[in-house]
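For reference, the chains in residue letters:
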Amino acid sequence: MKTSPSLQGIACLVIVLLILPAAFGPAYAALDAVELPIDVLVYFTGQEGAGGAAIPTIVGVGPNPMQRMRVGFFEDVSMGSGAMWRTAGWMAAVVSAYTLRTDLSDYTIYFDVGGLIDGPSAGALMTIAVLAGMQGHSILPHATMTGTVSPDGTIGPVGGIYHKLQGAADLGKTLALIPLGQRFEETAEGELVDLIAHGRALGVEVREVGDIGEAYPLITGSQLPAPVVPPARHSLPDETFETLQAYYQQWVHRYQQVEAAFAQFQVPVPDYVQQEERSARQALMQGLAAVAYDRITGAYLSARFELLGAQLAHELTHSGWDGTFAMVDQQAAVIERIDEFLGQLLLTDPQNMGEVPGLLAAYAYLSQAYGCYLLAEQHRSDYQHLSGQVLAATGPSLGIQLDDSHGWQGALVADVQPQSPAAQAGLRPGDFIVQLDTILLQSGQHLLQLLQQIDPGQYYMLVNRGPNYTYQEWVLVDLTTTEDPELLDAAIQRLAETIVFFEIADVFVQVGQDLLVLGRGATSVGPPDPRRVESLGSLLKAGSTSGLEYFDAIVVNEIAKAWGVHPDTFRWQFMNMDYGYALTFANYVAGQTIGGMSPYAQLGSAAALFHDTGYLITKYYNLNAETDVEGSITAISNERALVHMLNLAAQQASTAIAEAQALGIEPIMSIMMYENAQHTREGTLDDKLSALQQFWNASFLAQTLVILSEHASEYRPTETPVPAPVPTPVPVPVPVPVPVPVPTPDTESVSLIDGTLTAADLQFDDSTYYQVVELASVTAPTLRVQLHSTEFYPYLMLVDAAGDILSEAGPLDQDPDLAVLEYAVTPGTTYSVVINTVYRNETGRYKLEIQGASIVLP
């Protein structure tokens with residue numbers, strides 16, 4: 001009996017994952033609890049003006065017998081530690097743990113400060129103190145610093161340094177570190193001060209530092225552990241390059257189909273979209289397959305956005321809101337593909353360390369896809385509600401006020417709105433309307449009821465006017481449709497957001513399916529200890545939540561306050577301003593569900609969220625990026641810091657790749673991201689920040705492999721590994737199937753058919769269409785048939801000459817686009833293969849491969 005695919009669930013995850021600082025060494029667990037005193041520099045304003053001070057703080061690091069994360073904030077005043085202080089503390093703990101490649105659940109960490117304190121500017125110093133406690137180092141009494149800490153370990157900008165240096169001098173400090181690129185500061189009086197010279201006058205040496213690795217020895221007098229490994233190999237293996245090239249060709253075909261569809265709406269393909277596609281081709285011609293893949297997927301998504309905009313305009317013009325409802329309903333079917341992909345991932349258990357990066361990346365994209373689906377559904381509900389209001393407010397309108405207090409039959413005009421249809425027709429206050437075309441009016445209310453029922457157009461009205469209504473006139477009124485423009489714009493805006501998020505979800509599922517295959521690298525290291533995966537996922541989950549709160553506190557909430565808008569309301573507005581934030585928030589929402597489904601799902605989802613929040617903090621806070629109305633970066637305030645970040649990130653990524661390779665792991669995903677970043681960093685400001693994000697992603701995935709390899713077993717495959725399969729291009733823009741390697745039967749007889757199942761074909765009683773392929777001769781003892789389609793769920797049957805079904809096969813669990821049937825056949829016997837579908841009325845193109853028999857050509 002036929003059964004439908006059983007993949008169920010909810011899904012979504014994000015693109016790439018993040019990495020923290022680059023130094024790596026053995027994990028150090030403090031044997032005894034230690035408390036490190038630090039002096040947090042602050043500045044304040046009062047009646048006598050601004051000033052600076054240093055607040056004594058204790059950072060405690062000790063063993064954790066409970067073996068679960070323990071990060072605490074001690075206070076002597078209720079709610080003395082503000083939200084930004086707490087998130088800075090969490091950030092410090094996460095950055096420290098990842099820097100040393102250690103499990104945070106081995107430690108108890110706390111921050112003890114008196115009074116009221118808030119703000120992120122002590123984040124870097126708190127991080128250094130935690131690192132020192134983990135390694136048994138101390139804080140030099142003469143040194144202090146100010147600066148935020150980002151998830152990648154770079155040090156971000158702060159304010160009030162001029163006054164903070166006075167606080168350091170008052171406490172007897174002789175060395176103060178400040179963020180790179182902040183040597184000069186403008187005082188409240190408008191004076192530009194050289195902070196290094198200002199510090200010298202106070203007896204304090206001031207130094208600029210760009211990251212935790214640079215600041216650590218200056219604050220502690222000790223060094224962070226660093227890896228000693230051979231140079232990294234940055235080129236992709238031949239097998240991966242060929243597979244990546246094949247996936248690139250699939251996306252090219254999808255792009256070409258979208259490009260051709262523009263003619264249907266008589267609009268040109270935008271120049272910037274065509275330029276993206278040309279850029280992808282140029283990259284491939286240079287042998288940069290990873291760059292080409294990244295650019296062609298971007299070109300495809302841009303083309304889809306533009307095409308959907310043209311389709312939306314067409315539907316609104318020709319079919320009205322009903323047409324848009326049908327369009328969105330079709331897009332919402334992406335949840336089925338999300339379900340299927342989730343089911344496939346939950347059945348995937350890595351057999352070695354080389355399969356881990358692809359699985360994490362796939363979960364990341366899936367989590368973000370599901371989050372985009374949820375956002376789309378929210379916007380869908382909003383636009384349906386708004387469109388209902390638009391329809392209710394739309395209809396013929398005279399633009400008059402009526403007076404029914406007279407008690408006569410008819411409608412007395414009390415007032416006429418300027419420029420209204422009534423004014424243009426010559427109606428005026430005091431007119432008495434007695435008839436609308438052939439309908440006698442009973443009252444003004446009667447006229448209003450008629451206006452709600454009639455269609456827009458031109459109508460005659462019989463009007464009594466003059467002294468004591470002594471004469472009548474017929475007046476021609478043009479009752480055209482009127483709409484509330486603000487309400488209409490709001491409804492269309494929500495509709496556009498709905499289709500954008502559905503489309504992103506669809507593309508992310510396809511990319512995630514690609515990366516699940518592409519991310520497989522050769523290795524001699526077995527699968528990781530599941531407990532390590534779970535522990536690392538818990539760490540990043542806590543850090544990712546803290547990271548989003550951190551960004552909301554220092555960026556979103558501050559802008560909302562400046563605009564006079566509640567932060568929850570502004571969050572939705574900010575999503576429209578920056579889709580990067582929207583995608584980050586989408587992953588946050590989806591991760592609450594996805595993360596609980598498996599340790600790999602939690603690690604992939606949480607790490608991606610942690611990374612993306614770090615990117616947003618860097619963009620809006622550390623670099624103070626300015627954007628135009630389209631969201632493109634037009635300027636940044638600290639170019640020096642960006643150059644340092646890019647150089648550091650490139651070095652970290654290369655080192656992390658080398659670490660993994662030294663352990664016998666080929667980090668394919670990291671190499672792809674590194675290639676992308678290297679060829680993007682020389683472009684626009686948007687390109688530079690994109691490159692920074694790619695470098696972070698490359699580092700994170702490679703470093704994750706290093707951490708998880710610590711307790712992994714040796715990989716001993718039971719059979720010769722099968723190279724990653726090269727996919728066959730599919731002819732429609734649908735999710736890309738994950739190729740399944742299969743053994744080849746002992747035969748040279750292979751028949752291939754490219755066909756199309758249509759509504760004109762034969763039909764079973766269950767309303768599924770089918771075609772029959774007759775086999776001419778059997779050349780092997782075992783017949784193997786494969787049916788592949790991305791346009792319907794494939795179903796196969798093998799029947800004998802009497803029409804009896806000998807064997808059936810539906811979609812594979814691991815690849816619902818593929819059905820495979822094997823049967824031991826008898827030479828000389830007549831057989832036929834039936835090409836069928838799982839669901840009723842499904843049609844579309846397919847590929848049929850028959851091994852072990854020839855076919856009868858029609």
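Residues numbered from 1 in each chain as written. Predicted model: local features only at pLDDT ≥ 70, side-chain atom pairs only at ≥ 80, totals over all residues. Heavy atoms only, no water.

Visitor: Which parts of the structure should I look at to understand the nonpolar core?
Guide: Buried together is how nonpolar side chains tend to be arranged in soluble globular proteins. Membership of the largest hydrophobic core comes to 190 residues, with the highest contact counts inside it found for Trp-85, Phe-111, Met-145, Ile-338, Leu-540, Phe-551 and Tyr-581. Looking at which element gives the most residues to this core, the answer is helix H14 (residues 485-518), with 18 residues. Not counting chain neighbours up to four residues away, the residues in contact with Leu-540 comprise Tyr-98, Ala-606, Ala-607, Phe-610 and Phe-700. Grouped together as the second largest cluster of nonpolar side chains are 24 residues, Tyr-769, Ile-835, Tyr-846 and Ile-850 included. (Core = buried A, V, L, I, M, F, W, Y, C linked by side-chain atoms within 4.5 Å. Buried < 20%, exposed > 50% of the residue type's maximum accessible area, 1.4 Å probe, protein only. Helix = DSSP H or I, 4+ residues; strand = E, 2+ residues; numbered from the N terminus. Contact = heavy atoms within 4.5 Å.)

Visitor: How do you make sense of the packing of aromatic side chains when you look at a structure like this?
Guide: Under the defined criterion, the tally for this structure stands at 21 aromatic pairs. Here the aromatic rings of Phe-585 and Tyr-588 are separated by 6.0 Å at their centres, their planes lie at 35 degrees, and the arrangement is tilted. Here Phe-585 pairs with Tyr-588, and both are found in helix H17 (residues 579-594), just 3 residues apart, close to one helical turn. With a relative accessible area of 14%, Phe-585 lands in the buried category. Judged by its relative accessible area of 28%, Tyr-588 falls in the partly exposed class. Put simply, the rings of Phe-551, Trp-563, Phe-570, Phe-574, Tyr-581, Phe-585, Tyr-588 and Tyr-620 pair up and form one aromatic cluster. Against the face of Trp-251 rests Arg-254, its NZ or CZ located 4.4 Å from the ring centre. (Phe/Tyr/Trp six-rings, centres within 6.5 Å; stacked < 30°, edge-to-face > 60°. Lys NZ or Arg CZ within 6 Å of the ring centre and 35° of its normal.)

Visitor: It is not clear to me how the sheet that holds strand S28 (residues 818-824) should be interpreted in this structure. Could you clarify?
Guide: Pairing between sheet strands relies on hydrogen bonds along the backbone, with the strands arranged either parallel or antiparallel. Here 4 strands make up an open sheet; going across it, the order is S22-S30-S25-S28 and the pairing antiparallel. Single-partner strands in this sheet number two, and they are strand S22 (750-757) and S28. Taken pair by pair, the neighbouring strands of this sheet meet at an average axis angle of 15 degrees, ignoring direction. One ladder, built from 7 bridges, connects strand S25 (residues 782-788) with S28; its direction is antiparallel. Bridged to Leu-783 within S28 is Tyr-823. (Pairing = 2+ DSSP bridges. Axes fitted to C-alpha atoms, helices over the stretch in contact; angles between N-to-C directions.)

Visitor: Please explain the packing of helix H15 (residues 530-563) against helix H21 (residues 685-708) as it appears in this structure.
Guide: How two helices sit against one another is set out by the angle between their axes and by the gap between those axes. Between H15 and H21, the least distance of the axes is 10 Å, while the angle of their chain directions is 135 degrees. As the angle between them shows, H15 and H21 are arranged oblique. Helix-helix and strand crossings are classified by hand; for H15 and H21 the assignment is right-handed. For the pair H15 and H21, contact is made by Arg-532, Val-533, Leu-536 and Leu-540 and by Phe-700, Thr-704, Ile-707 and Leu-708, respectively. Partitioned by chemical class, the residues of the contact of H15 with H21 number 6 nonpolar, 1 polar and 1 charged. (Parallel < 35°, antiparallel > 145°, perpendicular 65-115°, else oblique. Left-handed = near helix turned anticlockwise from the far one by under 90°. Nonpolar A, V, L, I, M, F, W, Y, C, P; charged D, E, K, R; others polar.)

Visitor: What should I look at first to understand unusual backbone geometry in this one?
Guide: Comment: phi is negative for the bulk of residues other than glycine, and the bulk of peptide bonds are trans. Residues other than glycine seldom take positive phi values, yet Gln-266 does so here, at roughly 55 degrees. Summarising the element assignment, Gln-266 is placed in the loop between helix H6 (238-261) and helix H7 (271-285). You can call Gln-266 exposed: its relative accessible area is 72%. Even without glycine at this site, Asn-468 takes up a positive phi of about 55 degrees. Tracing the sequence through the fold places Asn-468 in the loop between strand S17 (457-465) and strand S18 (471-479). With relative accessibility at 77%, the residue Asn-468 sits in the exposed group.

Visitor: Where do I start with the pattern of salt bridges in this structure?
Guide: Oppositely charged side chains are able to pair whenever their charged atoms sit close together. The tally for this structure, following the rule as stated, stands at 21 salt bridges. Close ionic contact of Glu-497 with Arg-494 constitutes a salt bridge, the shortest N to O distance being 3.3 Å. One end of the pair, Glu-497, and the other, Arg-494, are both in helix H14, 3 residues apart, so they sit about a helical turn from each other. The class for Arg-494 is partly exposed, based on a relative accessible area of 25%. Between Glu-791 and Arg-845 there is a salt bridge whose closest N-O contact spans 3.0 Å. (Salt bridge = Lys/Arg side-chain N within 4 Å of Asp/Glu carboxyl O.)

Visitor: What exactly am I supposed to notice about the side chain of Thr-148 here?
Guide: Positionally, Thr-148 belongs in strand S6 (residues 148-149). Residue class for Thr-148 comes out buried when judged on its relative accessible area of 1%. Leave out the neighbours within four places in its chain, and Thr-148 touches Pro-120, Ser-121, Gly-123, Ala-124, Thr-154, Ile-155, Gly-156, Pro-157, Val-158, Tyr-550, Tyr-621 and Asn-622.

Visitor: Would you explain H17 in this entry?
Guide: One turn of the α-helix equals 3.6 residues, which is why residues spaced by three or four share an orientation. For H17, built from 16 residues, the straight-helix expectation of 22 Å at 1.5 Å per residue is met to within 8% by its first-to-last C-alpha distance of 21 Å. Taken residue by residue, H17 has Tyr-581, Ala-582, Leu-583, Thr-584, Phe-585, Ala-586, Asn-587, Ala-590, Gly-591 and Ile-594 as its buried positions. Residue Asp-578 occupies the N-cap position of H17, its side-chain oxygen lying 2.7 Å from the main-chain nitrogen of Gly-580. (Expected span 1.5 Å × (residues − 1). Polar contact = N/O pair within 3.5 Å; in protein donor to acceptor, adjacent residues only side chain to side chain.)

Visitor: It is not clear to me how the sheet that holds strand S5 (residues 143-145) should be interpreted in this structure. Could you clarify?
Guide: The strand order across the open sheet built from 3 strands is S5-S8-S11, with neighbouring strands paired in parallel fashion. Among the strands making up the open sheet, the edge pair consists of S5 and strand S11 (205-209). Sheet twist, expressed as the average angle between the axes of neighbouring strands with direction ignored, equals 25 degrees. Two strands pair when backbone bridges link them, and S5 and strand S8 (residues 175-179) are joined in this way by 3 bridges, in the parallel orientation.

Visitor: Looking at this structure, I do not really get the packing of H15 against helix H18 (residues 599-622). What am I missing?
Guide: For the pair H15 and H18, the least separation of the axes is 7 Å and the interaxial angle reads 30 degrees. Of the possible angle classes, the one that applies to H15 and H18 is roughly parallel. As H15 runs across H18, the sense of the crossing is left-handed. Residues belonging to the contact of H15 with H18 are distributed by class as follows: 19 nonpolar, 7 polar and 2 charged.

Visitor: So what exactly am I meant to see when it comes to the pairing of S8 here?
Guide: Both faces of the sheet carry side chains from a regular strand, because those side chains alternate between them. By the criterion of burial, S8 is predominantly enclosed, with 5 of the 5 residues buried. Relative to S11, S8 is paired through 5 bridges, and the arrangement is parallel. Bridge pairing links Pro-179 to Val-209 in S11.

Visitor: Is there a simple way to explain the pairing of strand S24 (residues 769-778) in this structure?
Guide: Pairing analysis gives 2 bridges linking strand S23 (residues 762-763) to S24, with the strands arranged antiparallel. Opposite Leu-762, over in S24, you have Tyr-770 as the bridge partner. Both S24 and strand S31 (residues 853-855) contribute to a ladder of 3 bridges, which runs antiparallel. Bridging from a neighbouring strand, Leu-775 pairs with Ile-855 of S31.

These results come straight from atomic positions and should not be treated as a statement about function.
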